[in-house]
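Here is how the chains run, residue by residue.
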Amino acid sequence: MDFTKVVNKRHSVRQFTDQAVETDLIKEIVTVAQRTPSWVNSQPWQVYCARGTVLQQIKEAYREADQTGQASQPDLPVMSREEWAPRTQANMKQWRHDIVHHFSSFDEAHTAMSTASNNLYDSPVILFITVPQASPDWSIFDAGAFAQTLMLAATNRGLGSIPTYNSVRFPKILRHFLGIPDTERVLVGISLGYPADQPLNHYHSQRVPLSNVLHFN
Ligand SMILES: Cc1cc2nc3c(=O)[nH]c(=O)nc-3n(C[C@H](O)[C@H](O)[C@H](O)COP(=O)(O)O)c2cc1C
């Protein structure tokens, strides 16, 4: 596929069909992502693939954690919304406004979003990206670039994807089921699969004008 087409086609998919993703396709996508640049070619990323029974067990453990009111304990700290810089807060506010208006009511939007997130988007695969605990912030930068290359490679092969904080709220559960050692920091989960034809997936987020981003002196 043409590069620009791939970039524009990628968007966050929040509902997937139950069609499995072939092992060879997962390997191909991760191989492409490995071409990502990193600080002195340190290649800090690791990818832990959850699917089948193990993914079901992770989903059940997350559901139980939520139902028993356990607090999220992500490896990367989360900042309360009011602490973000005003321009990023404004973008987040706009996103929430847009997605609600994509549905006929706030309740409908809320139900669609929370059902999807409670089920970890029902994707057949989640790839969890980690970097060593002993890493500079630069490794998180590198892993972010790795994640984007991975998602573009997935788009190019007809797959949908979404990176989620939601899937990494309970790293203890992930360590248990996926054998992630304590020496690794769990950053993000990337759900992969074939997009379901659902209203939630028809929403495409907007971007601010170029003049708000690109500065010439
Ligand atoms: C690090 C990261 C974590 C995210 N976590 C979630 C999440 O937990 N739930 C969710 O619905 N979307 C999540 N997203 C998706 C963003 O909402 C989405 O990327 C953004 O709204 C832009 O939309 P687009 O991906 O469709 O272009 C996350 C994105 C990133 C980069």
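Let me sum up the structure you'll find in this document. Only a predicted model underlies this, so the values are computations on that prediction, with no experimental measurement involved.

**A few points about the overall build of the chain**
Next, step 1: Scanning the chain from terminus to terminus reveals eight helices and four strands.
Next, step 2: Secondary structure of the chain in N-to-C order comes out as α-α-β-α-α-α-β-α-β-α-β-α.
Next, step 3: Referenced to the eigenvectors of the C-alpha coordinate spread, the extents of the chain come out at roughly 50 × 40 × 40 Å.
Next, step 4: Buried residues in the chain amount to 38% of all 217 residues.

**Considering unusual backbone geometry**
Next, step 1: Unlike most non-glycine residues, N41 shows phi in positive territory, near 55 degrees.
Next, step 2: Turning to its location among the elements, N41 is positioned in the loop between α2 (23-33) and β1 (46-51).
Next, step 3: Owing to a relative accessible area of 51%, N41 belongs among the exposed residues under this scheme.

**Some points on the site of the ligand**
Next, step 1: Taken together, 13 residues lie near the ligand, and R10, S12, R14, Y165 and R207 sit nearest.
Next, step 2: Here an oxygen atom of the ligand and a side-chain polar atom of R10 are 2.8 Å apart.
Next, step 3: Take Y121: an N or O atom from its side chain is 3.0 Å from a nitrogen atom of the ligand.
Next, step 4: In isolation the ligand exposes 620 Å². Once the protein is present, 65% of that is buried.
Next, step 5: Considering every element that reaches the shell around the ligand, the biggest residue donor is strand β3 (residues 160-164), with three residues.

**Section: the sheet that holds strand β2 (residues 125-132)**
Next, step 1: The sheet built from four strands is open, its strands ordered β1-β2-β4-β3 with antiparallel pairing. Each having just a single partner strand, β1 and β3 make up the two edges of the open sheet. Each strand axis lies, on average, 25 degrees off the axis of its neighbour in the sheet, ignoring direction.
Next, step 2: Alignment of β2 against strand β4 (residues 184-193), held across eight bridges, turns out to be antiparallel.

Criteria and cut-off values
The written sequence of each chain sets the order in which its residues are numbered from 1. At least 70 in pLDDT is required for a residue's local features to be given in this predicted model, at least 80 for side-chain atom pairs to be given and counted, and no such filter applies to totals for whole chains, interfaces and linings, which use all residues. Note: side-chain values were computed over all heavy atoms of the structure, leaving out hydrogens and water. Secondary structure elements are defined from DSSP: runs of H or I of at least 4 residues count as helices, runs of E of at least 2 residues count as strands, and each element is numbered from the N terminus. Exposure categories follow from relative accessible area, calculated using a 1.4 Å probe and restricted to protein chains: below 20% of the type maximum is buried, above 50% is exposed, and the middle band is partly exposed. Near, as used in this document, describes a residue that has one of its heavy atoms within 4 Å of the molecule or strand being considered. Pairs of N or O atoms within 3.5 Å make up the polar contacts considered here, provided that, within protein, one atom can donate a hydrogen while the other can accept it, and that residues adjacent in sequence are counted only when both atoms are side-chain atoms. Computed by Shrake-Rupley with a 1.4 Å probe, the accessible areas treat only the displayed protein chains as cover when residues are assessed. For two strands to be treated as a pair, DSSP must find at least two bridges joining them. To obtain each axis, a line is fitted to C-alpha atoms, and for helices this fit is confined to the stretch in contact; angles are then taken between N-to-C directions over 0 to 180 degrees.

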